Amino acid sequence: MAKFHEETISKTQKIIGYGLSILFSVQIFMAGILKVIQEADIVERMNNVPNWGDKLMFVGILELILLALYWIPKTQKLGFYLLCAFVGGVIVAEVAAGTHVEQGAPPAPLVGIVTAVLLYAGTILRKPSMLK
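Basis of the calculations
- Residues numbered from 1 in each chain as written.
- Predicted model: local features only at pLDDT ≥ 70, side-chain atom pairs only at ≥ 80, totals over all residues.
- Heavy atoms only, no water.
- Helix = DSSP H or I, 4+ residues; strand = E, 2+ residues; numbered from the N terminus.
- Buried < 20%, exposed > 50% of the residue type's maximum accessible area, 1.4 Å probe, protein only.
- Contact = heavy atoms within 4.5 Å.
- Axes fitted to C-alpha atoms, helices over the stretch in contact; angles between N-to-C directions.
- Parallel < 35°, antiparallel > 145°, perpendicular 65-115°, else oblique.
- Left-handed = near helix turned anticlockwise from the far one by under 90°.
- Nonpolar A, V, L, I, M, F, W, Y, C, P; charged D, E, K, R; others polar.
- Core = buried A, V, L, I, M, F, W, Y, C linked by side-chain atoms within 4.5 Å.

Visitor: I tried to follow the overall build of the protein on my own but got confused; where do I start?
Guide: Counting its secondary structure elements, the protein contains 5 helices and 0 strands. By the burial criterion, 33% of the 132 residues in the protein qualify as buried. Across the protein, the fraction of contacts at a sequence separation of at least 24, relative to all contacts at a separation of at least 6, is 66%.

Visitor: Could you clarify how one ought to interpret the environment of Met57 in this entry?
Guide: Residue position: Met57 is located in helix H3 (residues 56–71). In this structure Met57 comes out as partly exposed when scored by relative accessible area, which is 37%. The spacing of Met57 and Val43 is 14 residues in sequence and 10.0 Å in space, taken between C-alpha atoms. Each residue touching Met57, except ones within four places of it in the same chain, is listed here: Val36 and Gln38.

Visitor: Sorry if this is basic, but what is going on with the packing of helix H1 (residues 11–36) against H3 here?
Guide: Helix-helix packing is characterised by the crossing angle of the two axes and by the distance between the axes. Relative orientation of the contacting elements H1 and H3 amounts to 155°, with a least axis distance of 7 Å. The pairing of H1 with H3 is recorded here as roughly antiparallel in orientation. Two packed elements cross with a definite hand, and for H1 against H3 that hand is left-handed. Seen from H1, the contacting residues are Tyr18, Ser21, Ile22, Phe24, Ser25, Ile28, Phe29, Ala31, Gly32, Ile33, Lys35 and Val36; seen from H3, they are Leu56, Met57, Val59, Gly60, Ile61, Glu63, Leu64, Leu67, Tyr70 and Trp71. Partitioning the contact of H1 with H3 into residue classes produces 16 nonpolar, 4 polar and 2 charged.

Visitor: I tried to follow the nonpolar core on my own but got confused; where do I start?
Guide: Across soluble globular proteins, nonpolar side chains show a tendency to be buried alongside one another. Ranked by size, the top nonpolar core spans 19 residues in total, and within it Phe24, Tyr70, Phe80, Leu83 and Leu119 carry the most contacts. The set of elements that each furnish at least two residues to this core consists of H1, helix H2 (40–48), H3, helix H4 (76–97) and helix H5 (110–126). Element by element, the count of residues in this core is highest for H3, at 6 residues. Not counting residues up to four positions away in its chain, the partners in contact with Tyr70 are Ser21, Phe24, Ser25, Gln76, Gly79, Phe80, Leu83, Leu119, Thr123 and Arg126.

Spelled out as structure tokens, the structure:
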């Protein structure tokens, strides 16, 4: 039977891994739900990304499906790899939208990078074999 973590890791590593994974999951879950319900601020931000404003519902449902795949033990590896690709797209979208350039700062896709770090670190701490 598939597990959410490996038995050979320490208790501290398991706690930190789950903590990071849960933070990541809450972030993706809330982003997906806000896109599905068409929250006004999210709609405005997505309209800044070229060619993505009309695909808001699709992106929200995709986030929720990928998150479900990530937390189902038998599909966890597939969900992890698909979420890695998705988070890479988030970083590209932030740069394309110029969300930080508008405020006079250099383009820094901080939200995407933090999301990626939470995903990678949380998963690898819980399942070090995912690197193999």
